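# Descriptive analysis of the structure
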Amino acid sequence: MKEDCTQLELITQVKTQCSATDNEKVTRADFEVICLLGTGGYGKVFLVRKKGGNMNNKLYAMKVVNKWQIIENTKNAEYAKNEREILEIIQQNPFVVRLHFAFQTESQLYLVLDYCGGGDMFTYLENISKFSEDIVKIYIGEIVLALEYLHRMEIIYRDLKLENIMLDNQGHIILVDFGLSKVLSPDSGYCAHRICGTPGYIAPEVIKGEAYGFAIDWWSIGAVMYELLTGTLPFGVSENANSQRDIAERTMKMDPEIPPTLSQTAKDFILKMLKKDPKKRLNGNKKCARDIKSHPFFRGINWSDLENKRLKPSIQPQLNSEEDTQNFSEEFTQQAIIPHCQDPVPFNSKQRLFRGYSYVAPQYLHQTECDTGPSTSRRRRKSPRRSVLPIRVQPYCLSMFTQNLQSSQYSRRLLRYFAPPNHGGQLYA
């Protein structure tokens, strides 16, 4: 038992360069909760306002994870630790969410992140059905730049999907949720082996249980682009064959059906990104995205302008005020906020779990207080709905590819926003 406790302490120990003093660190009392934004398997995400000190009155998204639930499985504890470490080192890209503060209590972990008022890309696709190629070109280009940055940092994302693509207040994409991300090392040949991800976006080599590298993220770009242009996943739901084995078989063996309405360059790009053999996939396992950027689909894109957000996205989020949450589901935002209370701690509280978890971004250290001013009142509108929703497949269960989906067509609206992934509903080995 003592050995298990020691192992858990080692697994959850966070490697950090944070030099914040106790006076500079934050606690739950430093934030005012405004509303709920979304929920996940192990916690919730709230819109919060900083109270006092540096960045007084600034809005953030606060991810709150139930510690006692994730430590029941050492893999989940490791994912939580990895996410905290990765968020500390990915601070220099405009298309990746930034971590501002982190702290913990006996029962919960807290990550304070950028608030993206534009909502998630899946919501927009749900309402619009599909996008034009000119619109998709900008968004896919920004995603390519985000993934290229992560890969140069030797990080594999492993969970690219519409629910993890947020829009900032100007409509630019922000990748969120790094719960499945991993830093690859030269000792492993820059390869990973664990089977994880979300169905419909998982590359064939992952499903097969083979060693894989950066190429799986390029595969996911092909799946996301296909979904944005058609409204469905390339290997998602078929009329009569919808077991998880069927979906896996289609992913590994079939080419996606390309609608005749797509241009030749879009078709060529999708098929090259969805090559079964990662060595033949466009860009392969390269960290640099040079081959992708030079594809004819991106003809006319100035990549420097794109990286510096000088190209205006087509979607301009409607925001009536700083606190406006109309781009999030009222299912969450209208919920009453329960006063904060500590959950019971069913483990040995003397264990030193998640040591090093506390974090204050360098720009807030050793500064005088600043005031961003009060925000205006918020208003909400009901999101428009359409009659046909993008088809979503039910997540794989732990017993690989053997169980049937509960219905032949599984459509639902997902809003996870930074929320901890429900690992019981995703695919692991």
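Remember, it's a predicted structure, so these values are computed and weren't measured experimentally.

## Overview of the confidence of the model for the chain
For any part of a model where pLDDT is low, the fine detail of the predicted coordinates should not be relied upon. A residue-level look at the chain finds 79% of positions with pLDDT of 70 or above and a mean pLDDT of 82. Between residues 368-429, whose pLDDT stays under 50, and residues either more than four places distant or in other chains, the model counts 197 contacts.

## Focus: helix H8 (residues 244-253)
Along H8, the positions that sit buried rather than exposed are Gln244, Ile247, Ala248, Arg250, Thr251 and Met252. Residues of H8 that are buried make contact with helix H6 (204-207) and helix H7 (215-230).

## A look at the packing of H7 against helix H9 (residues 264-273)
H9 packs onto H7 with a crossing angle of 140 degrees between their chain directions and a minimal axis gap of 8 Å. Once H7 is placed against H9, the crossing between them reads as left-handed. Contact residues: H7 offers Trp218, Trp219, Ile221, Gly222, Met225, Tyr226 and Leu229, while H9 offers Ala266, Phe269, Ile270 and Met273. Residue composition of the contact of H7 with H9, grouped by class: 10 nonpolar, one polar and no charged.

## Things to note about the environment of cysteine 18
Within the secondary structure, cysteine 18 sits in the loop between helix H1 (2-12) and strand E1 (31-39). Between the alpha carbons of cysteine 18 and serine 358 there is a distance of 7.9 Å; along the sequence they are 340 residues apart.

## Notes on the nonpolar core
Grouped together as the largest cluster of nonpolar side chains are 122 residues, with contacts concentrated most on Met121, Ile140, Ile221 and Phe269. With 11 residues, the top contributor of residues to this core is helix H5 (residues 133-152). For this core, the domains that each give at least three residues are domain 1 (1-116 + 321-359) and domain 2 (119-308). When residues no more than four places from it in sequence are discounted, the contact partners of isoleucine 221 are Ile140, Ile143, Val144, Leu147, Leu160, Phe269 and Met273.

## Quick word on the pattern of salt bridges
Here the structure, examined in full by the defined rule, presents 16 salt bridges. For glutamate 323, the salt bridge goes to arginine 49, with nearest N and O atoms at 2.2 Å. Of this pair, glutamate 323 sits in the loop between helix H11 (303-307) and helix H12 (330-333) while arginine 49 sits in strand E2 (residues 43-50), and the two are 274 residues apart along the sequence. Look at glutamate 323 and you get buried, because its relative accessible area is 12%. Measuring nitrogen to oxygen at the nearest pair gives 3.5 Å for the salt bridge that ties aspartate 159 to lysine 161. Considered together, aspartate 159 and lysine 161 belong to a single accessibility category, that of buried residues. One salt-bridge network, in which partners are shared between bridges, spans Arg49, Glu322 and Glu323.

## Things to note about the sheet that holds strand E5 (residues 108-113)
One open sheet accounts for six strands, arranged E1-E2-E3-E5-E4-E10; its pairing is antiparallel. The sheet terminates laterally at E1 and strand E10 (359-360), the two strands that pair on one side only. Across five bridges, strand E4 (residues 99-104) lies against E5 in antiparallel orientation. Along E5, the bridge assignment pairs leucine 99 with leucine 113. Here helix H3 (residues 74-89) sits on the sheet in contact with strand E3 (59-66), E4, E5 and E10, set at roughly 25 degrees to E5.

## Topic: a nonpolar patch on the surface
Where nonpolar side chains cluster on the molecular surface, the patch consists of Ile89, Met153 and Val183 and spans about 220 Å² of accessible area. Tracing the sequence through the fold places valine 183 in strand E9 (residues 182-183).

## Quick word on the environment of asparagine 169
Position of asparagine 169 among the secondary structure elements: in the loop between strand E7 (165-167) and strand E8 (173-175). We classify asparagine 169 as partly exposed; its relative accessible area is 38%. Remark: the alpha-carbon pair of asparagine 169 and glutamine 318, spanning 149 residues in sequence, is separated by 8.3 Å. Excluding its chain neighbours within four sequence positions, the residues that come into contact with asparagine 169 are Cys116, Gly117, Gly118, Pro317 and Leu319. A polar contact of 3.2 Å, which involves the side chain of asparagine 169, links it to the backbone nitrogen of glycine 117.

Conventions we followed
Starting from 1, residues in each chain are numbered consecutively following that chain's sequence as written. Given that this is a predicted model, residues contribute local features only at a pLDDT of at least 70 and side-chain atom pairs are listed and counted only at 80 or more, while totals for whole chains, interfaces and linings are drawn from all residues. To get the side-chain values, take all heavy atoms of the structure and skip hydrogens and water. A score from 0 to 100, pLDDT tells how confident the predictor is in each residue. Contact between two residues is taken to exist if any of their heavy atoms lie within 4.5 Å; hydrogens are not considered. Categorising residues by exposure relies on relative accessible area from a 1.4 Å probe, with only protein chains included: less than 20% of the type maximum marks a residue as buried, more than 50% marks it as exposed, and the intermediate range marks it as partly exposed. Each helix corresponds to a stretch of at least 4 residues labelled H or I by DSSP, and each strand to a stretch of at least 2 residues labelled E; elements are numbered beginning at the N terminus. All axes are obtained by fitting lines to C-alpha atoms, using only the stretch in contact for helices, and the reported angles, taken between N-to-C directions, cover 0 to 180 degrees. Here is the rule for handedness: rotate from the far helix to the near one, and if that takes an anticlockwise turn smaller than a right angle the crossing is left-handed, while a clockwise turn gives right-handed. Residue polarity is assigned by list, with Asp, Glu, Lys and Arg as charged and Ala, Val, Leu, Ile, Met, Phe, Trp, Tyr, Cys and Pro as nonpolar; anything else, Gly included, falls into the polar class. Throughout this description, the term nonpolar core refers to a set of buried Ala, Val, Leu, Ile, Met, Phe, Trp, Tyr and Cys residues connected via side-chain atoms within 4.5 Å. As annotated, the domain borders come from an automatic or database domain assignment. By definition, a salt bridge exists where a carboxyl oxygen of Asp or Glu is found within 4 Å of a side-chain nitrogen of Lys or Arg. At least two DSSP bridges between two strands are needed for those strands to be called paired. Nonpolar side chains (Val, Leu, Ile, Met, Phe, Trp, Tyr) are joined into patches within 5 Å and like charges within 9 Å, using only residues with over 30% relative accessible area and no salt bridge. Here the open area of atoms and residues is found with the Shrake-Rupley method and a 1.4 Å probe, where only the protein chains shown may cover a residue. For the purposes of these results, a polar contact is taken to be a pair of N or O atoms within 3.5 Å, where, inside protein, one atom must be able to donate a hydrogen and its partner to accept one; residues adjacent in sequence count only when each atom of the pair is a side-chain atom.

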